[in-house]
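A closer look at the structure
Listed below, chain by chain, are the residues.
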Amino acid sequence: MSKRLFSRDFSLMVLGQIVSVLGSAVLRFALNLYVLDVTGRADIFGLLIAVSAIPAIMFTPLGGAIADRFSRRNLMVIFDFSSGAVVLVLIFLLSTGNAPIAVIGVILAVLSVISSMYQPTVQASVPVLVVEEQLASGNGVVTGVGALSGLLGPVLGGVLYGIVGLNALVAASCVMFFLSAVMEIFIRIPFVKQAREKKLVPTIIDDMKLGLRYVVREKPAIRKIIILAAGLNMLLTPFFIVGIPYILRITLDSSENMYGIGMGLMQFSTILGAVLTGVITKKLVLSDLYKVLLVIAAVMLPMAFAVTPLVLGAGYWPSFGILMGFNAVVMVLITAINIFAITSVQKVTPNEMLGKVMAIIMAVAQCAAPLGMAMYGIAFEQFSGLVYVPVLGACLFTVAISFVSKKLLTESEM
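Residues numbered from 1 in each chain as written. Predicted model: local features only at pLDDT ≥ 70, side-chain atom pairs only at ≥ 80, totals over all residues. Heavy atoms only, no water.

Looking now at the overall build of the protein chain. A tally of helices and strands in the protein chain yields 16 helices and 0 strands. The C-alpha radius of gyration computed for the protein chain amounts to 21 Å, which stays within 12% of the reference 22 Å derived for 414 residues, consistent with globular compactness. When its C-alpha atoms are laid out on the principal axes, the protein chain stretches across 65 × 55 × 40 Å. Split into buried and exposed, the 414 residues of the protein chain put 54% on the buried side. When contacts within the protein chain are restricted to residue pairs at least 6 apart in sequence, those whose partners lie at least 24 apart make up 88%. Total accessible area computed for the protein chain in this model is approximately 17400 Å², and 70% of it derives from carbon and sulfur atoms. Separation between the mean location of the 27 positive side-chain charges and that of the 19 negative ones in the protein chain comes to 7 Å. (Helix = DSSP H or I, 4+ residues; strand = E, 2+ residues; numbered from the N terminus. Rg over C-alpha atoms; globule rule 2.2 N^0.38 Å. Buried < 20%, exposed > 50% of the residue type's maximum accessible area, 1.4 Å probe, protein only. Contact = heavy atoms within 4.5 Å. Areas by Shrake-Rupley, 256 points an atom, 1.4 Å probe, with all protein chains shown as cover. Lys, Arg positive; Asp, Glu negative; His and termini not counted. Charge placed at Lys NZ, Arg CZ, Asp CG, Glu CD.)

Structure, rendered in structure tokens:
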């Protein structure tokens, strides 16, 4: 790999991401497991996740606009310090016994807003810190870091949740956020201040409009990728966010340790997908994405079989093994095509537009995700005794998205 890929600044950004995202993973795991344990209901669990994500939709385009207008290093520092401050408030509320489910939902919503502005900043920084030939590898590293933190978060959280409790895990995540902010102070990210004729707020609004116009009128290929991303985030991705945790914790009645291991396996599969992206997508073109989606749909069929009464009646391990084994294959493929799509967009987007374009992609995907999470929450609650039904539903949705992808994307794209 190019030496520049592992330059001091890129490496420091990656290290800061490991610390920050690990803290976030520990926090999400602790709060989600706490909510699921207290309520025992998939519909409330899915609704809480969906509602907490909604405010972020409004702020993602804002995050993209300011990522192109201000120092991305400074923004990372501010966002991590802000997350740490919010978690400090949660620690106080938990210590005084004033943290009901609704309050936890508000805290998750605020953290989601901060994260929604943080992520476009990171994505826009990668092309500046690596050469174009290593852009896919750089994106893979960033994705792998998130997945690695997600892997360690559930595994550590699963063990520590039953030993030290919720409060200690929340405190650990708070320390992680502040530590990451301090590390990011020393990152050097090239920044050229853009001239502006208007005051700050009108300028930011104009920047968001500029990004939208760029995607809609100047780059129709990006617009089609956004439509595809919206479909995936409404009909497929929420299945893994809501469905897999519900199956592991409620249907299979997994212990804290096994739940953490199961969720960790998902993250490990994401890491593997990030590592294998170059191999999987080496000869892939956008017009062939539908083929990968059809493979994903086929692989999900054994996952539905794993939670049928026949397999569930055979005991815990057959269901767990089949479900998580084929789920790993799906996660590898999803990760690879996500990185491939992001890299394709970054290569044709000017640096001064990167933050805005990345933010638009994320915002549209986030618009679709809450509906999907609520939908799957209701579906798993209604079919709590026949959980293979919503799994088959997710499989059929993926087939439908593959046909849409075939129609939208052509050989001439990008």
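The next point concerns the packing of helix α9 (residues 237–251) against helix α14 (residues 316–347). For the pair α9 and α14, interaxial distance at closest approach is 12 Å and the crossing angle is 165°. Judged by the inter-axis angle, α9 sits roughly antiparallel to α14. The crossing of α9 and α14 is left-handed. Between α9 and α14, the contacting residues are Phe240, Ile244, Ile247 and Leu248 on the first element and Phe320, Leu323, Met324, Asn327, Val330, Met331 and Ile334 on the second. Its residues assigned to classes, the contact of α9 with α14 comprises 10 nonpolar, 1 polar and no charged. (Axes fitted to C-alpha atoms, helices over the stretch in contact; angles between N-to-C directions. Parallel < 35°, antiparallel > 145°, perpendicular 65-115°, else oblique. Left-handed = near helix turned anticlockwise from the far one by under 90°. Nonpolar A, V, L, I, M, F, W, Y, C, P; charged D, E, K, R; others polar.)

Phi is positive for Asp253, which is not a glycine, with a value near 55°. Within the element layout of this structure, Asp253 appears in the loop between α9 and α10 (256–275).

Interhelical geometry of helix α1 (residues 8–39) versus helix α4 (residues 101–129) gives an angle of 160° and a closest axis separation of 12 Å. Relative to α4, α1 is oriented roughly antiparallel. Crossing hand, α1 versus α4: left-handed. On α4, the residues touching Asp9, Phe10, Met13, Gln17, Ser20, Leu27, Leu31, Asn32, Tyr34, Val35 and Val38 of α1 are Ile101, Ile104, Leu108, Leu111, Tyr118, Val122, Ser125, Val126 and Leu129. Partitioning the contact of α1 with α4 into residue classes produces 15 nonpolar, 4 polar and 1 charged.

When pLDDT is averaged along the protein chain, the result is 83; 93% of the residues meet or exceed 70. Least confident of the elements in the protein chain is helix α2 (residues 42–69), whose mean pLDDT is 74; most confident is helix α12 (residues 289–306), at 95. Under a pLDDT of 50 for its full length, residues 1–5 has, in the predicted model, 15 contacts with residues more than four places off or in other chains. (pLDDT = per-residue confidence, 0-100.)

Within the structure shown, the criterion is met by 9 aromatic pairs. The interplanar angle of 80° and the centroid separation of 5.0 Å between the aromatic rings of Phe239 and Phe240 together place this pair among those described as edge-to-face. Like Phe239, the residue Phe240 is buried in the burial classification. Taken together through their ring pairs, the aromatic side chains of Phe239, Phe240, Tyr246, Tyr376 and Phe380 make up a single cluster. (Phe/Tyr/Trp six-rings, centres within 6.5 Å; stacked < 30°, edge-to-face > 60°.)

A few words on the side chain of Ser180. The topology assignment puts Ser180 in helix α6 (residues 166–184). Here Ser180 falls in the buried class, since its relative accessible area comes to 0%. Contact partners of Ser180, with chain neighbours within four places excluded, come to Gly16, Val19, Ser20 and Asp80.

Let us now look at the side chain of Thr121. Mapped onto the elements of the fold, Thr121 is located in helix α4. Residue classification places Thr121 among the buried residues on the basis of a relative accessible area of 0%. The residues contacting Thr121, other than those within four sequence positions of it, are Gly63, Ala67, Arg72, Leu75, Met76 and Phe79.

What follows is about helix α3 (residues 72–96). Between its first and last C-alpha atoms α3 spans 37 Å; for 25 residues at 1.5 Å apiece the expected length is 36 Å, and the two agree. Positive backbone phi, at 75°, marks Gly97, one or two positions downstream of α3. (Expected span 1.5 Å × (residues − 1).)

For the rest of this paragraph, the subject is the pattern of salt bridges. Between side chains of opposite charge, a pair can form when the charged atoms approach closely. Under the defined criterion, the tally for this structure stands at 6 salt bridges. When the shortest N-O distance is used, the salt bridge between Lys356 and Asp68 registers 3.0 Å. You can see Lys356 sitting in helix α15 (residues 351–382) and its partner Asp68 sitting in helix α2, a full 288 residues away along the chain. Residue classification places Lys356 among the buried residues on the basis of a relative accessible area of 4%. Where Arg69 meets Asp207, a salt bridge forms, and the shortest distance between an N and an O atom there is 2.9 Å. Pair noted here: Arg69 is in helix α2 and Asp207 is in helix α7 (residues 200–218), with a separation of 138 residues, a long-range link. (Salt bridge = Lys/Arg side-chain N within 4 Å of Asp/Glu carboxyl O.)

With that settled, the discussion passes to a nonpolar patch on the surface. On the surface, Leu148, Leu152, Leu156, Val159, Leu160, Ile163 and Val164 cluster together into a nonpolar patch covering about 560 Å² of accessible area. Its place among the elements puts Val159 in helix α5 (residues 135–163). Note on Val159: relative accessible area 40%, which makes it partly exposed. (Patch = residues over 30% accessible without salt bridge, like charges linked within 9 Å, V, L, I, M, F, W, Y side chains within 5 Å.)

The biggest cluster of nonpolar side chains holds 111 residues, and the ones touching the most others in it are Phe239, Phe240, Ile244 and Ile296. Considering every element that reaches this core, the biggest residue donor is α1, with 13 residues. The contacts of Ile296, once residues within four sequence positions are left out, are Leu236, Val330, Leu333, Ile334, Ile337 and Thr398. (Core = buried A, V, L, I, M, F, W, Y, C linked by side-chain atoms within 4.5 Å.)

On to the environment of Val19. Its place among the elements puts Val19 in helix α1. For the pair formed by Val19 and Gly165, sequence separation is 146 residues and the distance between their alpha carbons is 21 Å. Apart from the residues within four sequence positions on either side, Val19 is in contact with Met176, Leu179, Ser180 and Met183.

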